[in-house]
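Chain residues, written in single-letter form:
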Amino acid sequence: MPELTDINYIKQIMTKHGFHVSKALGQNFLINPTVCPRIAELGNAKENFGILEIGTGVGVLTKELAKRAEKVVAIELDNKLFPILNETLAEFNNIKIIHGDAMKINLKKIISEEFENLQVAVCANLPYYITSPLIMRLLEEKLPIKTITIMVQKEAGQRLCAPVRSRESGAVTVAVAYYGEAKKLFDVTRGSFLPAPNVDSMVMQIKLYAEQHWHVQDENLFFKIIKIGFSQRRKQLCSVLANYFHMPKTDMLSVFEQANILFNTRIEALTMPELVNLSNILAENLKN
Ligand code: SAM
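The structure contained in this document is the topic of the report that follows. (Residues numbered from 1 in each chain as written. Predicted model: local features only at pLDDT ≥ 70, side-chain atom pairs only at ≥ 80, totals over all residues. Heavy atoms only, no water.)

## Some words on the environment of Leu 286
Link 1 in the chain: By the secondary structure assignment, Leu 286 is in helix H12 (residues 272-287).
Link 2 in the chain: Taking C-alpha positions, Leu 286 is 8.9 Å from Phe 245, a pair spaced 41 residues apart along the chain. (Helix = DSSP H or I, 4+ residues; strand = E, 2+ residues; numbered from the N terminus.)

## A word on the sheet that holds strand E2 (residues 49-54)
Link 1 in the chain: Reading across from one edge, E4-E3-E2-E5-E6-E9-E7 is the order of the seven strands in this open sheet, with mixed pairing throughout. Across the chains shown, the open sheet's two edge strands, defined by having one partner strand only, are strand E4 (95-99) and strand E7 (180-188). Each strand of the sheet is rotated relative to its neighbour by a mean of 20 degrees, with strand direction disregarded.
Link 2 in the chain: Inspection of the sheet shows E2 paired to strand E5 (residues 119-125) by five bridges, in the parallel sense. The residue bridging Leu 52 from the neighbouring strand is Val 122, located in E5.
Link 3 in the chain: Here helix H6 (residues 131-140) sits on the sheet in contact with E2, E5, strand E6 (147-153) and strand E9 (201-208), set at roughly 170 degrees to E6. (Pairing = 2+ DSSP bridges. Axes fitted to C-alpha atoms, helices over the stretch in contact; angles between N-to-C directions. Contact = heavy atoms within 4.5 Å.)

## Details of the nonpolar core
Link 1 in the chain: Leu 52, Ile 145, Ile 148, Phe 222, Leu 241, Met 252 and Leu 278 are the most contacted members of the largest nonpolar core, which totals 68 residues.
Link 2 in the chain: Setting aside its immediate chain neighbours within four residues, Leu 52 contacts Val 73, Ile 75, Leu 107, Ile 110, Ile 111, Phe 115, Ala 121, Val 122 and Cys 123.
Link 3 in the chain: Core analysis: the next-biggest nonpolar cluster, separate from the first, contains 37 residues, Cys 36, Ile 95, Met 151 and Phe 186 among them. (Core = buried A, V, L, I, M, F, W, Y, C linked by side-chain atoms within 4.5 Å. Buried < 20%, exposed > 50% of the residue type's maximum accessible area, 1.4 Å probe, protein only.)

## Quick word on the pattern of salt bridges
Link 1 in the chain: Counted under the stated rule, the structure contains 18 salt bridges.
Link 2 in the chain: Two residues, Asp 101 and Lys 104, come together in a salt bridge whose shortest N-O distance is 3.9 Å.
Link 3 in the chain: Given a relative accessible area of 70%, Lys 104 falls into the exposed group.
Link 4 in the chain: Salt bridges here are not isolated pairs; linked through shared partners, they connect Glu 41, Glu 64, Lys 67 and Arg 68. (Salt bridge = Lys/Arg side-chain N within 4 Å of Asp/Glu carboxyl O.)

## Digging into the site of the ligand
Link 1 in the chain: As a matter of local geometry, the ligand sits amid 24 residues, with Gln 27, Glu 76, Asp 101, Asn 125 and Tyr 129 nearest to it.
Link 2 in the chain: Glu 53 places a polar side-chain atom, nitrogen or oxygen, 3.4 Å from a nitrogen atom of the ligand.
Link 3 in the chain: In this structure, a nitrogen atom belonging to the ligand sits 2.8 Å away from a side-chain N or O atom of Asp 101.
Link 4 in the chain: In isolation the ligand has 590 Å² of accessible area, and contact with the protein removes 99% of it.
Link 5 in the chain: Elements with a contribution of two residues or more to the shell around the ligand: strand E1 (29-30) and strand E3 (71-76). (Near = heavy atom within 4 Å. Polar contact = N/O pair within 3.5 Å; in protein donor to acceptor, adjacent residues only side chain to side chain. Areas by Shrake-Rupley, 256 points an atom, 1.4 Å probe, with all protein chains shown as cover.)

## Quick look at the state of the cysteines
Link 1 in the chain: Scanning the model with the defined rule gives zero disulfides in all.
Link 2 in the chain: As a non-bridged cysteine, Cys 36 has Cys 123 as the owner of its nearest cysteine sulfur, 10 Å distant. (Disulfide = S-S within 2.5 Å.)

The structure is reproduced here in structure tokens:
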């Protein structure tokens, strides 16, 4: 069978099945032959691992994952791709493709039913319109996942992998740093896709902490501080939080003093330990 990175073959198989790519579903299929093997190898597609893939397209990454991992379970929203996948992935008996929306489907159930006795990793060339919400979903649900290795829009990737105390960081940077360690793996040019998107991309990886790494007393409060703080990142965090929690400014100043943070600090100037400490001290103060 011709390679799934062969443009002529992809076009031919799409025509045969009357398939047209959907921009709305973020359908930019990988045609650079070096990219999928690299994602699979760096993304833990290996013995004793089950891989959860989001969005199969015509199966180019699915195939590389299935060559290396025990089992691949892929979630694909576009049912028009299924006749194509029946053909392109016919030689594999360790792939299961589930029709559904990765934002809504019960991932916990899929993982526990499909990957019994296997370690689990996520690998995907993500549809970019759901990058942040999907990453947040994978993290917040505390799924038993070792690594998330994903292709994302370069700009989004830079934000996700930025150090917490930096200009590029945002609420999502802190959220990722709360659950694991993120790093960039490699760049991917727009010419590596069919059709070519008008942005460049990168592959990044989040290594999830096996246990709670940051000792946050009240997770809800921590994420509220992050959300509200970054939504007004140019303002002094002390004022932003005093307003939000309807606390007298002097009380919030005292919280900042207890946390050893200067009153005029902006959220983007705080490190992860400082944010955790601030959240824990505020939690204590809100109880009183
Ligand atoms: N993995 C393939 C590749 O690398 O060529 C396809 C990647 S393409 C960027 C994204 C894929 O995700 C498409 O096949 C698209 O139909 C699918 N998709 C889009 N939204 C989805 C969703 N909410 N849930 C599951 N799959 C989705």
